[in-house]
Structure formats: C-alpha cells, structure tokens
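# Breakdown of the fold
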Amino acid sequence: MEHRTRLMRVVTRRIAVSELGNREIARRAGIPTQRISDLLAGRLEHFSADDLQAIRDSVESVTDDSEAAAGMAPVRPTPP
C-alpha cells in the first residue's frame, strides 16, 4: 500500500506539471478517461501498482521535458 501511495503522489504531480489533458493521458496509458479522474480525486483503492506505473510512463517523457525547462529535477520513486 505504501508503494502505491508514493507512486500515486508521483503520478499526480507529473499529471499536474504535464501539458497533457486527462483524455490524452488516458489514451497513452490505455485506460478510460474516468480512471484519470478517479486518480486525481484520490481514489487509490481503484488502482494497482501496475495501473499507476502505466499512467506514470504515459506522462513521464512529457513531464521530464517540462521539468528540465523549468529547472526542476525529475522525481523518481524510491524502490520498495
């Protein structure tokens, strides 16, 4: 559970700084748009670690570019 919680924080931060809309993030992750809304509403029980990882991967390259442009270091979750 702790791993999912940390991963959720990373994912929601990446979504917040990305220039992608929820629909595009969902498309890239291969999940319904409503699932992104569930994530942003804090409904962690609806997600497995694999679900969160797929979402993270779908926004990772976009946010890495955005963070680099803003002078921020990308956040990586600590391994379990």
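Up top you'll find the structure we're talking about.
Below is a short write-up of the structure. Keep in mind that this is a model prediction, so the values were computed, not measured.

Attention now moves to the nonpolar core. Ranked by internal contacts, the top residues of the largest apolar core, which has 16 residues, are Ile15, Ile25, Ile36, Leu39, Leu52 and Ile55. Counting only elements with at least two residues in this core, the list comes to α1 (2-17), α2 (22-29), α3 (33-40) and α4 (49-70). When residues of this core are assigned to their parent elements, the largest contribution, four residues, is made by α1. Other than its neighbours up to four places away in sequence, Ile25 contacts Ile15, Ser18, Leu20, Ile36, Ile55, Ser58 and Val59.

Along α2, the residues classified as buried are Ile25, Ala26 and Ala29. All buried residues of α2 project into a common sector of 100° when viewed along the axis, lining one side. Of the exposed residues in α2, those oriented more than 90 degrees away from the buried face are Arg23 and Arg27. Note on α2: the residue one or two positions beyond its end, Gly30, has a positive phi of about 75°.

Our next topic: the pattern of salt bridges. Side-chain pairs of opposite charge can arise whenever the charged atoms involved come near each other. All chains considered together, the criterion is met by six salt bridges. For the salt bridge of Arg43 with Asp38, the shortest nitrogen-to-oxygen distance reads 3.0 Å. A relative accessible area of 10% means that Asp38 is categorised as buried. Here Arg56 makes a salt bridge to Glu60, at a shortest N to O gap of 3.0 Å. Taken as a pair, Arg56 and Glu60 lie in helix α4 at a separation of four residues, close to a single helical turn. Considered together, Arg56 and Glu60 belong to a single accessibility category, that of buried residues. Through salt bridges with shared partners, a single network forms among Glu24, Arg27 and Arg28.

Basis of the calculations
- Every chain is numbered on its own, with residues counted from 1 as its sequence reads.
- Confidence filtering applies because this is a predicted model: local features only for residues at pLDDT of at least 70, side-chain atom pairs given and counted only at 80 or more, and all residues used for totals across whole chains, interfaces and linings.
- Hydrogens are left out, water is left out, and the side-chain values use all remaining heavy atoms of the structure.
- Here, the term nonpolar core denotes a set of buried Ala, Val, Leu, Ile, Met, Phe, Trp, Tyr and Cys residues that are joined through side-chain atoms within 4.5 Å.
- Three exposure classes are used, based on accessible area relative to the maximum for each residue type with a 1.4 Å probe and protein chains only: buried under 20%, partly exposed in between, and exposed over 50%.
- The helix count covers DSSP runs of H or I at least four residues long, the strand count covers runs of E at least two residues long, and both are numbered beginning at the N terminus.
- Note on contacts: a residue pair is in contact if any heavy atoms of the two residues lie within 4.5 Å.
- Note that the arc is computed from the directions linking the helix axis to the C-beta atoms.
- Salt bridges are counted wherever a side-chain nitrogen of Lys or Arg sits within 4 Å of a carboxyl oxygen of Asp or Glu.

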